[in-house]
Amino acid sequence: MKKLFIVANWKSNKTIKDTEKWLHDFDEELKRKQFSFESKVIIIAPPFTLLEHANYCSSNLKLPIKFAAQDVSPFEEGAYTGEISAKQIKELADYVIVGHSERRERFSEDEETINKKIALAQKYGLTTVLCVSELKQIHNSTLRLPSMQLRTGRSGQEFIIHNSNFIVAYEPLSAIGSGHPDTPVNADEMARSIKKELAEVPVLYGGSVTSGNVKNFTSMPYIDGVLVGGASLDPHEFLKIIKNA
Ligand code: PGA
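This write-up is about the structure you can find in this document. Because the structure is predicted, anything quoted here is derived from the model rather than measured.

1. As for the overall build of the protein chain
Move 1: Each helix and strand counted, the protein chain has nine helices and 11 strands in total.
Move 2: Since a compact globule built from 245 residues should have a radius of gyration of about 18 Å, the 17 Å found for the protein chain is in line with a globular shape.
Move 3: If one aligns the C-alpha atoms of the protein chain with their principal axes, the spans along those axes are about 55 × 45 × 30 Å.
Move 4: Relative to its full complement of 245 residues, the protein chain shows a buried share of 54%.
Move 5: Sequence separation of 24 or more characterises 73% of the internal contacts of the protein chain that already satisfy a separation of 6 or more.
Move 6: Summing over all exposed atoms, the protein chain offers an accessible surface of approximately 11,400 Å²; the carbon and sulfur share of this is 50%.

Put into structure tokens, the structure is as follows:
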């Protein structure tokens, strides 16, 4: 049975109270259904402000979930007002999402910034979930595997990617938040192409995933899981996604 990653991206949603409720509802249903996650890795990416409390509640409830940050600073530490560094994230999460299309588009993130973020995430032992909407973003980001040597764009600085610490999420722009997912065949073809470039890196599909369509993606040979936005906001629907994956 292949290992599946099911990632919930809450984006800019939820308060502390909402988070407590989500985790408690998730826990109750999990217990009621005597659910087993088997070979599924469940990762929740709440906003930064919720990470600490979500961690606290999750360990009290002994939930079998990991946490991710939705972004990371391209700078190591110091005078960068408003930025959260990889070292700070590492205290609260094991994973970080980098290069989500909403950040590329709405916050003008370029490849150089994304590469700096990947380098720092790797340095501090955060598993990177790099989001791409097209193959050329893999080329642009000058990821060079299987040697797992990365060269950060213009600066030419090199850093090492650890195979086990790197995941790619293919998310076509038209599928994000639209209710119109990509076809599983197309998503699988992209996943295959990404793996060709980046050795055996796990590839997730993201974009309008629901409990009704998740299996169509996770049953494809090259897809190793899903990145879920809107449908992860409801713990019952998210559990169904995990169950059906
Ligand atoms: P969606 O978002 O599931 O709401 O389409 C996916 C994402 O942006 O990661």
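2. Topic: the site of the ligand
Move 1: Near the ligand there are 13 residues, and of these Lys11, His100, Glu171, Gly177 and Ser208 occur at the shortest range.
Move 2: Taking His100, its side chain carries an N or O atom lying 2.7 Å from an oxygen atom of the ligand.
Move 3: At a separation of 2.6 Å, an oxygen atom of the ligand approaches a polar backbone atom of Gly177.
Move 4: In isolation the ligand exposes 280 Å². Once the protein is present, 95% of that is buried.
Move 5: Under a 2 Å grid-point criterion requiring more than half of the atoms, the pocket assigned to the ligand is the second largest pocket.
Move 6: Tallied by class, the residues present in the shell around the ligand amount to four nonpolar, seven polar and two charged.

3. A word on the environment of Glu29
Move 1: As for its position among the elements, Glu29 is in helix α1 (residues 16-33).
Move 2: Sequence separation between Glu29 and Pro235 is 206 residues, and the spatial gap between their C-alpha atoms is 8.7 Å.
Move 3: Sequence-distant contacts of Glu29, defined by excluding residues within four places in its chain, comprise His236 and Leu239.

4. Considerations on the packing of α1 against helix α2 (residues 48-61)
The geometry of a pair of packed helices is captured by two quantities: the angle between their axes and the separation between those axes.
Move 1: Relative to each other, α1 and α2 sit at 25°, their axes nearing to 10 Å. In terms of their interaxial angle, α1 and α2 are classed as roughly parallel. Judged by the sense of rotation from one axis to the other, the crossing of α1 with α2 is right-handed. For the pair formed by α1 and α2, the contact residues are Ile16, Thr19, Glu20, Leu23, His24 and Asp27 on the first element and Leu50, His53, Ala54, Cys57, Ser58 and Leu61 on the second.
Move 2: When its residues are assigned to classes, the contact of α1 with α2 shows six nonpolar, four polar and two charged.

5. Quick word on empty space enclosed by the protein
Move 1: Tallied over the entire structure, the rule returns one cavity of 30 Å³ or more.
Move 2: Approximately 30 Å³ is the volume attributed to the largest cavity.
Move 3: For the largest cavity, the full set of lining residues is Gly99, Ser101, Arg104, Cys131, Val132, Ser133, Gln137 and Glu171.
Move 4: Put simply, the parts of the chain that give the lining of the largest cavity at least two residues each are α4 (101-106) and β5 (127-132).
Move 5: Across the lining of the largest cavity, the residue classes tally to two nonpolar, four polar and two charged.

6. Looking at the pairing of strand β11 (residues 225-228)
Every regular strand shows the same layout, with side chains that alternate between the two sheet faces.
Move 1: A two-sided burial pattern is seen for β11, the buried positions comprising Gly225 and Leu227 on one face and Val226 and Val228 on the other.
Move 2: Direction of pairing for strand β1 (residues 4-9) relative to β11: parallel, over a ladder of four bridges. Its bridge partner lying in β11, Ile6 is registered against Val226.
Move 3: Sheet topology places strand β10 (residues 203-206) next to β11; two bridges connect them, and they run parallel. When the bridges of β11 are listed, Tyr205 appears paired with Val226.

Rules used in this analysis
- Residues numbered from 1 in each chain as written.
- Predicted model: local features only at pLDDT ≥ 70, side-chain atom pairs only at ≥ 80, totals over all residues.
- Heavy atoms only, no water.
- Helix = DSSP H or I, 4+ residues; strand = E, 2+ residues; numbered from the N terminus.
- Rg over C-alpha atoms; globule rule 2.2 N^0.38 Å.
- Buried < 20%, exposed > 50% of the residue type's maximum accessible area, 1.4 Å probe, protein only.
- Contact = heavy atoms within 4.5 Å.
- Areas by Shrake-Rupley, 256 points an atom, 1.4 Å probe, with all protein chains shown as cover.
- Near = heavy atom within 4 Å.
- Polar contact = N/O pair within 3.5 Å; in protein donor to acceptor, adjacent residues only side chain to side chain.
- 1 Å grid on protein atoms, 1.4 Å probe; cavity = no way out; pocket = protein on both sides within 12 Å on 5 of 7 lines; lining within 4 Å.
- Sits in = over half its atoms within 2 Å of the grid points.
- Nonpolar A, V, L, I, M, F, W, Y, C, P; charged D, E, K, R; others polar.
- Axes fitted to C-alpha atoms, helices over the stretch in contact; angles between N-to-C directions.
- Parallel < 35°, antiparallel > 145°, perpendicular 65-115°, else oblique.
- Left-handed = near helix turned anticlockwise from the far one by under 90°.
- Points joined across faces, edges and corners; volume = space filled by probe spheres on them.
- Pairing = 2+ DSSP bridges.

Read these as spatial facts, not as claims about activity.
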